[in-house]
Amino acid sequence: MSKTILNLKDLTIKFGGVTALNNVNLELKEGEILALIGPNGAGKTTVFNLITGVYKPTSGNVFLGDVAIDGKKRHHITKLGIARTFQNIRLFGDMTTLENVITGTDVRNKVGLIGSMFGTPRSRREEKASVVKAHEILKFIGIDEYADRLAKNLPYGVQRRLEIARALGTEPKILLLDEPAAGFNPQEKVELAATIKKIRDAGYTILLIEHDMSLIMGISDRVAVLDFGQKIADDLPSVVQNNPQVIAAYLGVPEDAS
Amino acid sequence: MINLRDKGAEFWERSNRPVRVLTVFAILAVVAALPYAGNTFLQTPVAAFDAVLVYPMGMFILMALGLNVVVGKSGMLDLGYVAFFAVGAYTMAILGTRTGLNTWEIMPIGIAAAMFAGVLLAIPTLRLRGDYLAIVTLGFGEIVRVTALNSEGIGGALGIAGIPFPPGLGFEYQLLDQKFFYWTILVMIVLVIWVIRRLTVRRPGRAWESIRQDEDAAELMGVSTYKYKIWAFVFGAAIGGGAGVFYASRSMVIAPDNFTLNTSILILACVVFGGMGNIWGVIVGATILGYLPDRFRFLSDARLLLFGLVLVVFMNLRPEGILPRKKREKAIVKKGSGASI
């Protein structure tokens, strides 16, 4: 078994009287694709928001390697190596595709405002390197031909892919994908699955929220299921698929059976 | 309406370096020759034309450029920008009348003071967004003015008089012939444009732009939004402070009345009218809004009505300003080439 890279320990978060997540434990192994599924409102995106520092857990911790990252600043967590995409696309629409990715790469750049203002050699070097890197990522994701288009004018599918490219720009260890296939047709889903596998094979660890079962069963190494803020299953896709609790969560239980 | 912004951008992209350099110098030459155009239709009826070029026009351009970094580029509504102008002006007034320092020596001190004021304002307020930020900055602008008004040590309502002119650099700054003031402010404007253009295409520009468009997404993509918001404020404040120092040194006398909310709003109007986020638009906006009231001074009180009317009509015709921000897409992507999604 490869080592654990991200560890959620007894994570609980309450919003007022609502317990959105209750004692959730989740381990992400290096180099795997872990799918997080569950009915609407189960708390999947909340998990992402806790990992990326948008929310602070009411109790419990998030460990990246050995470091607790809950409570750290969001941009700091990104710098530590966690990047995400958004369920509802949140690109910088008035920037070009390339600029969106470069904005992601900036987190690895060292030159700040003063260096940029005086145009130090280092700032020039970094700017040039960022452009090269961004193009590489766009090629890798397969949307480099759109590099100079404004993000808001891109076709929907390209926007979704750009979300992934921008996240990769930050050079993460862990990539969190929040429903990357939402709104895709079957053909596009197949292509996306190939892309996600390709990203994993390039050395990234992926945590994936998705509703499309065929996509999940096809690419994930492990599936964790959330229901009403509780983790009810965490196993191989084939096992989870036949877990009665999971089926019940999705389809409900016949009255005479309960 | 002709799309001047795209035409300009297209020309710039098609030109090679010598053409660009030549264009810049041609424009600079025309602009620098403006004080000699005083006897043409441009003449302002009451104030001397060269004086109008310095204030309000030149000053407005400078301040609008500074405010544009905050409002246009980073998307933070600042209604108290005049406070930084005031800090710069009062630094010049106090040091200029009480110490032996001259304008050029006070300039960096005034800028530093304004930047410090920027940090002071930014640290507690930048956790706020939108309307809330606007209200707090408005309050800050008023606080600075009212503080000056009630501090007898710095002249109270009378302000400070007898502020020295800048020492000439091989020429004399004169009250009746303000060409040298104009050319100095022109140099300042060019310098500011140069710096802003640099920042815009580099990391700080991207950070500001991403903050303006989606602050949460920016933060999650690793942009230290708090830091870059402070930088935007401080950078804008530096420009306002520099303008203030020069303004005080030219006007010889300043009073709290020079730094009312009206000025903040007017500078904001320049930015919005010209085109938020586009430095050329902002310059055009400030030029027009600085010039018009003086050009039509013979209408006396009605000129403000006219001024308002021009604003309303124009903002209806061009809601995004005269030269809007929107960037052109550099290349049209060929259809059906490669990627399927």
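By convention here, each chain's residues receive numbers from 1 onward along its written sequence. Chains carry letters and ligands carry numbers; both start at the beginning, A for chains and 1 for ligands, and go up in the order they are written. In keeping with the predicted nature of the model, local features appear solely for residues at pLDDT of at least 70, side-chain atom pairs appear and are counted solely at 80 or more, and the whole-chain, interface and lining totals rest on all residues.

## What to know about the overall build of chain A
- Along chain A, the regular secondary structure elements total 10 helices and 10 strands.
- Taken along the three principal axes of its C-alpha coordinates, chain A extends 75 × 40 × 35 Å.
- When each of the 258 residues of chain A is scored for burial, the buried share is 46%.
- Distance between backbone-placed C-beta atoms decides contact: two residues are in contact if it is within 7 Å. If you take every contact in chain A between residues at least 6 apart in sequence, the share linking residues at least 24 apart comes to 65%. Runs of H or I in DSSP of at least four residues are treated as helices and runs of E of at least two as strands, each being numbered from the N terminus. Counting other C-beta atoms within 10 Å of its own, a residue is labelled buried from 20 upward, exposed at 12 or fewer, and partly exposed in the gap between, with every C-beta atom placed from the backbone.

## So, the overall build of chain B
- In terms of regular secondary structure, chain B is built from 13 helices and 0 strands.
- Counted from the first residue to the last, chain B has its helices and strands arranged as α-α-α-α-α-α-α-α-α-α-α-α-α.
- If you line up chain B on its principal axes, its C-alpha atoms span 70 × 50 × 40 Å.
- With 341 residues in all, chain B has 46% of them scored as buried.
- Long-range pairs, those at least 24 residues apart, make up 77% of the contacts in chain B between residues at least 6 apart in sequence.

## Topic: the interface of chain B and chain A
- At the junction of the two partners, chain B supplies 30 residues and chain A supplies 41 residues.
- Among the elements of the structure, α7 (179-201), α8 (203-213) and α9 (215-220) of chain B are those that each provide at least two residues to the side of chain B that touches chain A.
- Among the elements that take part in the side of chain B that touches chain A, α8 of chain B stands out by supplying 7 residues, more than any other.
- In this count, Pro and Cys sit with the nonpolar residues alongside Ala, Val, Leu, Ile, Met, Phe, Trp and Tyr, while Asp, Glu, Lys and Arg are called charged and the others, Gly among them, polar. Here the side of chain B that touches chain A is built from residues that sort into 13 nonpolar, 7 polar and 10 charged.

## Structural notes on the domain arrangement of chain A
All names here are of chain A.
- Domains assigned within chain A are domain 1 (1-75 + 172-179 + 206-258) and domain 2 (82-171).
- Each domain's extent was defined by an automatic or database domain assignment. With centres defined by C-alpha atoms, the gap from domain 1 to domain 2 works out at 28 Å.
- Here the element with the most residues in the side of domain 1 that touches domain 2 is strand β7 (residues 174-178); it accounts for 5 residues.
- Here the side of domain 1 that touches domain 2 is built from residues that sort into 8 nonpolar, 2 polar and 2 charged.

## Here's the deal with the confidence of the model for chain A
- Of the residues in chain A, 98% have a pLDDT of 70 or more, and the chain-wide mean is 93.
- pLDDT measures the predictor's confidence residue by residue and takes values from 0 up to 100. Within chain A, the lowest mean pLDDT, 87, falls on helix α10 (residues 244-251) of chain A, and the highest, 97, falls on β7 of chain A.

## Details of the packing of helix α11 (residues 261-274) of chain B against helix α12 (residues 279-295) of chain B
Residues and elements named next belong to chain B.
- Angles here are taken between N-to-C directions and fall from 0 to 180 degrees, while the axes themselves are lines fitted to C-alpha atoms, restricted in helices to the stretch in contact. Running from N to C, α11 and α12 point in directions that differ by 125°, and their axes come no closer than 7 Å. By the angle between their axes, α11 is oblique relative to α12. Crossing of α11 over α12 shows right-handed handedness. Note on element contacts: α12 touches α11 through Gly281, Val282, Ile283, Val284, Gly285, Ala286 and Leu289, opposite Leu266, Ala269, Cys270, Val271, Phe273 and Gly274.
- Classifying every residue of the contact of α11 with α12 gives 10 nonpolar, 3 polar and no charged. Each angle gets one of four labels, with under 35 degrees taken as roughly parallel, over 145 as roughly antiparallel, 65 to 115 as roughly perpendicular, and the rest as oblique. It is the rotation of the near helix from the far one that decides the hand of a crossing: anticlockwise by less than a right angle makes it left-handed, clockwise makes it right-handed.

## What about the environment of isoleucine 189 of chain B?
All names here are of chain B.
- Structurally, the position occupied by isoleucine 189 is in helix α7.
- Along the backbone, isoleucine 189 and alanine 112 are 77 residues apart, and their C-alpha atoms lie at a distance of 18 Å.
- Every residue in contact with isoleucine 189, bar those within four places of it in the chain, is listed here: Gly58, Ile61 and Leu62.

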